[in-house]
Amino acid sequence: MSQPLLDAIVESAEGNATLRIRPASASDVEILSINFTSLSTTSRNKRFMGARADFAMIAAECVAKTSNPRHFTLLAEIRHEGQGTIIGETRYAYDAAARHGDFAISVADGFQRQGVGLQMMTAMERHASDLGHEMIAAETARVNAEMRGLAKKAGFEDTGLGDWQSVHLAKRLSR
């Protein structure tokens, strides 16, 4: 997984820039921690389903299992005039007992609603499918309309397994 998974041109405040979705590595812990810290309080609460402050530890956990193909983290990096900035991440973990992968995703506030999340999900799904995984699932807060909308756009369906606070979403992967 050393090659970029997806390149695209996105519109940023500075003009056109290249978005590269790539696997995270151990050297990305600090910039991933900075990315989590730079999210608004609302975005952080949605990503972690509650308040968190231990971003360095979370970032380390995201990249700790990069040698295990059942676990991976993808980073969305925007490059403008030779400088790279992490603007999103998605973490994926395969649960062999449940026979599906789970994921979490975040996109920097200034890049939300520009297609970055959908591109990241597409790259994640493609990699999970290449690993032979057949289903991906996620849980989100019922009040997280943005994630529910993104998941619906990506082809996920509400499984009905959530509770009064959460929605459980799933998608069967094509091979």
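All of these numbers come straight from a predicted model, not from anything done at the bench. (Residues numbered from 1 in each chain as written. Predicted model: local features only at pLDDT ≥ 70, side-chain atom pairs only at ≥ 80, totals over all residues. Heavy atoms only, no water.)

How would you explain the pattern of salt bridges if you had to name every residue and give the values?
The tally for this structure, following the rule as stated, stands at 6 salt bridges. Measuring nitrogen to oxygen at the nearest pair gives 2.9 Å for the salt bridge that ties Arg-22 to Asp-28. With respect to class, Arg-22 is no different from Asp-28; both count as buried. The residue Lys-171 makes a salt bridge to Glu-125 at a minimum N-O spacing of 2.7 Å. Residue Lys-171 is found in strand E8 (residues 166-172), and its partner Glu-125 is found in helix H4 (residues 116-130); the two are separated by 46 residues along the sequence. (Salt bridge = Lys/Arg side-chain N within 4 Å of Asp/Glu carboxyl O. Buried < 20%, exposed > 50% of the residue type's maximum accessible area, 1.4 Å probe, protein only. Helix = DSSP H or I, 4+ residues; strand = E, 2+ residues; numbered from the N terminus.)

Requested: an account of the side chain of Lys-171, with residues and values cited.
Judged by relative accessible area, Lys-171 falls into the buried class, the value being 17%. Of the polar contacts made by the side chain of Lys-171, one reaches the side chain of Glu-125; its length is 2.7 Å. Polar side-chain contacts of Lys-171 include one of 2.5 Å to the backbone oxygen of Ala-154. With residues near it in sequence (within four places) discarded, Lys-171 still touches Glu-125, Glu-134, Met-135, Ile-136, Ala-154, Gly-155 and Phe-156. (Polar contact = N/O pair within 3.5 Å; in protein donor to acceptor, adjacent residues only side chain to side chain. Contact = heavy atoms within 4.5 Å.)

Kindly report on the layout of surface pockets, identifying the contributing residues and their values.
The computed volume of the largest pocket comes to approximately 770 Å³. Secondary-structure elements contributing two or more residues to the lining of the largest pocket are helix H2 (41-48), strand E5 (100-107), H4, strand E6 (135-141) and helix H5 (145-153). For the lining of the largest pocket, the element with the highest residue contribution is E5, accounting for 6 residues. When the residues that make up the lining of the largest pocket are grouped by side-chain class, the tally is 12 nonpolar, 10 polar and 8 charged. (1 Å grid on protein atoms, 1.4 Å probe; cavity = no way out; pocket = protein on both sides within 12 Å on 5 of 7 lines; lining within 4 Å. Points joined across faces, edges and corners; volume = space filled by probe spheres on them. Nonpolar A, V, L, I, M, F, W, Y, C, P; charged D, E, K, R; others polar.)

Tell me what's going on with the environment of Thr-122, and back it up with residues and numbers.
Within the element layout of this structure, Thr-122 appears in helix H4. Residue classification places Thr-122 among the partly exposed residues on the basis of a relative accessible area of 38%. For Thr-122 and Ala-154, which are 32 residues apart along the polypeptide, the C-alpha to C-alpha distance reads 7.7 Å.

Describe the pairing of strand E3 (residues 71-80), with residues and values.
The side chains of a regular strand alternate, first on one face of the sheet and then on the other. Burial of E3 is extensive: 8 of the 10 residues sit out of reach of the surface. Pairing geometry for E3 and strand E4 (residues 83-95), over 10 bridges, is antiparallel. Pairing of Ile-78 across the sheet is with Thr-85, part of E4. Hairpin geometry of E3 and E4 is characterised by an intervening segment of 2 residues between the two adjacent antiparallel strands and by a positive phi of about 55° at Glu-81. (Pairing = 2+ DSSP bridges.)

Can you break down H4 residue by residue, with the values?
For H4, which comprises 15 residues, the first-to-last C-alpha distance of 21 Å matches the rise-based estimate of 21 Å (1.5 Å per residue) to within 8%. Counted residue by residue, H4 has 11 buried out of 15 residues, so it is predominantly covered. Of the residues making up H4, those classed as buried are Val-116, Gly-117, Gln-119, Met-120, Met-121, Ala-123, Met-124, Glu-125, His-127, Ala-128 and Ser-129. Gly-132, located one to two residues past H4, shows a positive phi value of around 95°. (Expected span 1.5 Å × (residues − 1).)

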